[in-house]
Structure formats: C-alpha cells, structure tokens
Amino acid sequence: MKIEKKQQIRGPSENPGRTKTKWYRKKWLRVTAVCLVTVLVVSEFVIHYTAQQEIQTDFGPETLLDAQIQEVLKDPMKVLGAFKDAKRQLQDKQQKLLDACNKAEKLIKEEKYEEAIEPVDYLLKEMELTEEEKIQMKMTRTALCFSAGRFDEAMEGCTELINLDRSEEGYYYFMRSVCSIQKEDYSQAKDDLLEALAHGYKDEALCYVHLAFCENYLEDYKEYAELAEAKGAEDVYHTTLTYLMAVASLKEEKFQDSISYITELLVTDQYKKSGDLYFYRGVSELTLEEYQKAYDDFQKAMKYGLTNAQETGGEQKKESNTMLYYNRGIAALGLNRQEDATEDLRKVVENNDYPELTKASEELLDMLESGKSDSIQNEDVSSKTDETK
C-alpha cells in the first residue's frame, strides 16, 4: 500500500504527457510571445509614423500650389525648360539694353543727337535704375533734345529736373531760358534767367548777355547790357554785346551809332556774311538818306539772306523778303532808278504779306505810272522803313 502511494504522488513528473504544463514553462511559447510583442510594438510605431507623415504631407508646400503647377512639378524636364526660357529672356533683355547703351554712345559721339534720343528712351523705360541714375539719364535726354532743336521737350525735361530740386545751381533754369528764346517767349526767358542767377549759375556774364538780348524785345535793355559789361562780358562776349548794341541803337533811332556797331561786326568772320546786319545797316543808311550805301547793303542782304527767311529745308520763304524788297525799292527811288524801284515794289504787292507795305507800294506805283516821280523823291518815305525795325 505504501508503494502505490509513492507512485501516485510521483506520477505527473514521470508521465508529463498526461498532465497540462503552464505556457510560460514552455520555452518555445515564451520565444513566440516575445516576438509577437515586438511585432506589435513595431507595427504601432510604423502606423504612428505613417500617420504623422500623412499629416505633414497634407500641410506641405505642394498643397499650396494649384493643380497646374503640381502637374508641372511631376515632370522635372518641364521645370528645367521653364528655367531655360527665363534665362534666355533675361539674356535677351540684357543684350538689348547693352545694344541700346552702345548705340546711344555711338550716336552722341557722332553728334547725331536726334537719333540718340530713341535708345535713351528705351533705357529709361526698360533698364532698372536707381533714382539718381534715372535723374542722370533724364539730364542726358534733356541735353539731347536741346541739341536736336526739340525745344518743347527740352523745356519739359528742364521743368521736371527743376521740380525734382535738381536745377544744378541754376543750369536748368538757364537752359530753359534759352529754349524760351528760341520760341520767342522773351518774358519767360527773362524770368528763368533771373532764377538762374538767384540759384547761383556760374556764368553770370552770359546770363546778363541773354537778359540784354531778351530786353531788346522787352524794355530794360541798357540796364542789363551795363550789368553784362560789369560782369566781364565785354571781354568774353564782345561781339554779342556789340550786336545787341547795334540793334538797340536802331530801335532808339540812333542810326549813326547803329551803323558804327554793325560796321565793326561785319569785318569779323562770324558776321561778315550776315544778311541781317547788312539789312539793319541799310535801314539806318536809308533813314539818313544815304541811298547808294543803303541800296548796296540791301543787295548784300538779298545775297546772303535774312535769318527769318530760312525754312527747315533751307529754302527761303518769298514773303519773308517783302520788307527787303520794299526798302530796296525806296533806296532805288532815292537814286532815281525808277525801273528797279518799280520791280521791287511790285514784288511787295505780289507777296501781300504786310498790308501796310502793300498799300504803300500800291500808292507809290500809281505815282510812278502817272509820272509823278519828282513828287515821290520829295516825299518823306523813311516812315515806311519803320516796319523793318
């Protein structure tokens, strides 16, 4: 009996297949469990990481782009092509700017100022410039317009620079005044010349010379002529002041003084072929009844031409010589050369651009045709020459 008990007690250990062993007692199960836990942990990490990546992708930069751009980005060659096009366009623009710079420089050196304006305009429009560079370019354009005789545009350029507080010590006031003189706006020119002086324009003498010139058409000629001389203009601008004195003396009916000034000018290279000066001297001589001298000077004036008789193409306008024909006709009458006088007076009537001279010429022609030449010679015809002053 005792032996059977022992066998019963020891049974399980001796017969393992008949009884259940705990799972953690089995090695292979433990290993399997550890692997399963590892897989679960790793899977959770992957899922979490993937979710995070999806969130980041949803808020990435591509989501801010429209569908068309996203489509382009899928094809790198298209992107590279776009860069190449942009680079090519930039290179083309840079080349055009460089060509414009070279063209402007070349034309300016050749003194082709009118043609140089076009490339300068292109540079102002297309080139990326600082404010100071823009101002310098505008200064260049203004100078080109002035040199090309485009005075309206030059005046606009001067005004723009003055408004930008860049009168350059009065220089652009002075340039604008010269433009006004060219347009025969002497009052505006005078105002700008005074502004140039007020802003410290360096050539005071030249300013006063121009003021004296303007005052030939206004009132205070002598005052500015004296100031010009006081500033040293007599030395530098002697011929210009002499010219102004000649015209002023003629206006003031100081005919002998006018003749003296003009005679001095006509021996200079600058004025020896000046039709205007021969005409002015002829008017003074005609008034002083020096008919032969007057007739000879009118002949030379006709030969060299009057300034206001020139058109853009260099052709003389017939009507601009009307005063010259009239005065030469009067001089011919003084010399008793009736045929020459009749020819000139008829041209005055044909031109018919000065009503008073036309009327006076018709009256003289009537008297010539009626044989009253003696009474004509005794008439005071000098009053008709006032039209020439």
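Residues numbered from 1 in each chain as written. Predicted model: local features only at pLDDT ≥ 70, side-chain atom pairs only at ≥ 80, totals over all residues. Heavy atoms only, no water.

### Observations concerning the overall build of the chain
Per the secondary structure count, the chain includes 20 helices and 0 strands. Buried positions account for 34% of the 389 residues belonging to the chain. Within the chain, residue pairs in contact and separated by at least 24 positions form 50% of the contacts whose partners lie at least 6 positions apart. For the chain, the exposed area adds up to about 25100 Å²; of that, 51% sits on carbon and sulfur atoms. (Helix = DSSP H or I, 4+ residues; strand = E, 2+ residues; numbered from the N terminus. Buried < 20%, exposed > 50% of the residue type's maximum accessible area, 1.4 Å probe, protein only. Contact = heavy atoms within 4.5 Å. Areas by Shrake-Rupley, 256 points an atom, 1.4 Å probe, with all protein chains shown as cover.)

### Observations regarding the pattern of salt bridges
Applying the stated criterion across every chain, the model contains 22 salt bridges. Put simply, Lys103 and Glu118 hold a salt bridge, and the shortest N to O gap is 3.1 Å. A residue pair is termed long-range when its members are at least 10 positions apart, and Lys103 in helix 4 (residues 76–109) and Glu118 in helix 5 (residues 113–126) qualify at 15 residues. Ionic pairing is found between Lys254 and Glu252, a salt bridge with its closest N-O pair at 3.5 Å. By sharing partners, the salt bridges in this structure join Glu114, Asp121, Arg141, Arg150 and Glu153 into a single network. (Salt bridge = Lys/Arg side-chain N within 4 Å of Asp/Glu carboxyl O.)

### Observations concerning helix 6 (residues 131–147)
Look at helix 6: 25 Å from first C-alpha to last across 17 residues, which is about the 24 Å you get at 1.5 Å a residue. Within helix 6, the full set of buried residues consists of Ile135, Met137, Met139, Arg141, Thr142, Leu144 and Cys145. Downstream of helix 6 by a residue or two, Gly149 has a phi angle that is positive, lying close to 80°. (Expected span 1.5 Å × (residues − 1).)

### Here's the deal with the packing of aromatic side chains
Any aromatic ring pair is given by two values, namely how distant the centres are and how the planes are angled relative to each other. Scanning all chains against the criterion turns up 8 aromatic pairs. Measuring from centroid to centroid gives 4.8 Å for Phe174 and Tyr201, while their planes differ by 10°, and the two rings are stacked. A residue pair is termed long-range when its members are at least 10 positions apart, and Phe174 in helix 8 (residues 171–182) and Tyr201 in the loop between helix 9 (186–198) and helix 10 (204–215) qualify at 27 residues. Both residues of the pair, Phe174 and Tyr201, belong to the buried class. Where Phe279 meets Phe298, the ring centres are 5.9 Å apart and the plane angle is 50°; that geometry is what we call tilted. Taken together, the residues Phe279 in helix 15 (residues 275–287) and Phe298 in helix 16 (residues 291–304) connect sequence positions 19 residues apart. With a relative accessible area of 4%, Phe279 lands in the buried category. (Phe/Tyr/Trp six-rings, centres within 6.5 Å; stacked < 30°, edge-to-face > 60°.)

### Quick word on the nonpolar core
Ranked by size, the top nonpolar core spans 37 residues in total, and within it Phe279, Phe298 and Tyr326 carry the most contacts. Where this core is concerned, the elements lending two or more residues are helix 13 (238–251), helix 14 (255–266), helix 15, helix 16, helix 17 (322–334), helix 18 (338–351) and helix 19 (355–369). Considering every element that reaches this core, the biggest residue donor is helix 17, with 8 residues. By size, the runner-up hydrophobic cluster in this structure holds 30 residues, among which are Met139, Ile162, Tyr172 and Val209. (Core = buried A, V, L, I, M, F, W, Y, C linked by side-chain atoms within 4.5 Å.)

### Some remarks on the confidence of the model for the chain
Per-residue confidence for the chain gives a mean pLDDT of 77, with 67% of residues at or over 70. Here helix 1 (residues 2–14) stands out as the element of the chain with the lowest mean pLDDT, 43, in contrast to helix 16, whose mean of 96 is the highest. Predicted confidence is poor over residues 37–43, with pLDDT under 50, and the contacts of this stretch with residues over four places away or in other chains come to 0 contacts. Here residues 45–65 scores under 50 on pLDDT; set against residues more than four positions off or in separate chains, the count is 5 contacts. (pLDDT = per-residue confidence, 0-100.)

### With respect to the packing of helix 15 against helix 16
Relative placement of two packed helices is described by the angle separating their axes and the distance separating the axes. Close contact between helix 15 and helix 16 brings their axes to 8 Å; oriented N to C, the two are set at 160°. Viewed along their axes, helix 15 and helix 16 adopt a mutual orientation that is roughly antiparallel. Our pair here, helix 15 against helix 16, has a crossing hand that is left-handed. Listed contacts from helix 16 to Gly275, Tyr278, Phe279, Arg281, Gly282, Val283, Glu285 and Leu286 of helix 15 are Tyr291, Lys293, Ala294, Asp297, Phe298, Lys300, Ala301 and Tyr304. The residue makeup of the contact of helix 15 with helix 16, split by class, is 9 nonpolar, 2 polar and 5 charged. (Axes fitted to C-alpha atoms, helices over the stretch in contact; angles between N-to-C directions. Parallel < 35°, antiparallel > 145°, perpendicular 65-115°, else oblique. Left-handed = near helix turned anticlockwise from the far one by under 90°. Nonpolar A, V, L, I, M, F, W, Y, C, P; charged D, E, K, R; others polar.)

### Digging into the packing of helix 13 against helix 14
The interhelical angle for the contact between helix 13 and helix 14, taken along N-to-C directions, is 150°, at an axis separation of 8 Å. When the axes of helix 13 and helix 14 are compared, the pair comes out roughly antiparallel. For the pair helix 13 and helix 14, the sense of crossing is left-handed. Contact with helix 13, carried on its side by His238, Thr239, Thr242, Tyr243, Met245, Ala246, Ser249 and Leu250, involves Phe255, Asp257, Ser258, Tyr261, Ile262, Glu264 and Leu265 of helix 14 and no other residues of that element. Taken together, the residues that form the contact of helix 13 with helix 14 break down as 8 nonpolar, 5 polar and 2 charged.

### Some words on the side chain of Arg281
Residue position: Arg281 is located in helix 15. A polar contact of 3.2 Å, which involves the side chain of Arg281, links it to the side chain of Thr263. The contact partners of Arg281, leaving out residues within four places of it in the chain, are Ile259, Ile262, Thr263, Leu266 and Asp297. (Polar contact = N/O pair within 3.5 Å; in protein donor to acceptor, adjacent residues only side chain to side chain.)

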